[in-house]
Amino acid sequence: MNPQLHHCLRYDDVEVALDFLHALGFTDRLIVRDENDPSVVVHGELRWRDNGGLMIGSTRDDGKGEHLDTSHSVANLVVTSDEEVDATLARAVAAGGRVAMEPANPPGGRCAGVLDPEGNFWNIDSYPGA
């Protein structure tokens, strides 16, 4: 099944972002690079677990005379277990992330927060929701 919802992000340094996102557990589905400048990702699709998705690209002018807003974002990643919260956080930090919320055990599961290298907040959570 293809994802029905994609969180979309643009990054100034898409290579660093890809390393970080892979450390979180995302896998590449499609990466399209600018044929004149392969350091620019025109369109990227990453898969999250069974049915999640993320679209990414390089920060750039889309030819409409204005730069798209790349304000910081918040995303929630549901992992498979309490132990996976800690393992995902450790991989994210090793890939350049900064701990923004130490691991905790609120009712329903375990969670932690990490900022990616460009300041987006990723909540890592074992609670799958109601």
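Cut-offs applied
- Residues numbered from 1 in each chain as written.
- Predicted model: local features only at pLDDT ≥ 70, side-chain atom pairs only at ≥ 80, totals over all residues.
- Heavy atoms only, no water.
- Pairing = 2+ DSSP bridges.
- Helix = DSSP H or I, 4+ residues; strand = E, 2+ residues; numbered from the N terminus.
- Axes fitted to C-alpha atoms, helices over the stretch in contact; angles between N-to-C directions.
- Contact = heavy atoms within 4.5 Å.
- Core = buried A, V, L, I, M, F, W, Y, C linked by side-chain atoms within 4.5 Å.
- Buried < 20%, exposed > 50% of the residue type's maximum accessible area, 1.4 Å probe, protein only.

Attention shifts here to the sheet that holds strand β3 (residues 41–48). Taking strand neighbours across the sheet as the criterion, the 4 strands line up as β1-β4-β3-β2 in an open arrangement whose pairing is mixed. Only two strands of the sheet have a single partner each, and these edge strands are β1 (6–11) and β2 (27–33). For this sheet, the mean angle separating the axes of adjacent strands, direction not counted, is 15°. As paired elements, β3 and strand β4 (residues 52–58) share 5 bridges and run antiparallel to each other. Counted as the bridge partner of Arg 47 is Gly 53 from β4. Helix-sheet contacts for helix α1 (residues 14–24) involve β1, β2, β3 and β4, and the interaxial angle to β4 is about 165°.

On to the nonpolar core. Ranked by internal contacts, the top residues of the largest apolar core, which has 24 residues, are Leu 21, Leu 24, Phe 26, Leu 54, Ile 56, Val 114 and Trp 122. Mapped onto this core, the elements with two or more residues apiece are β1, α1, β3, β4, β5 (74–78), α2 (82–94), β7 (111–115) and β8 (121–125). If you tally residues by element for this core, the top one is α1, at 6 residues.

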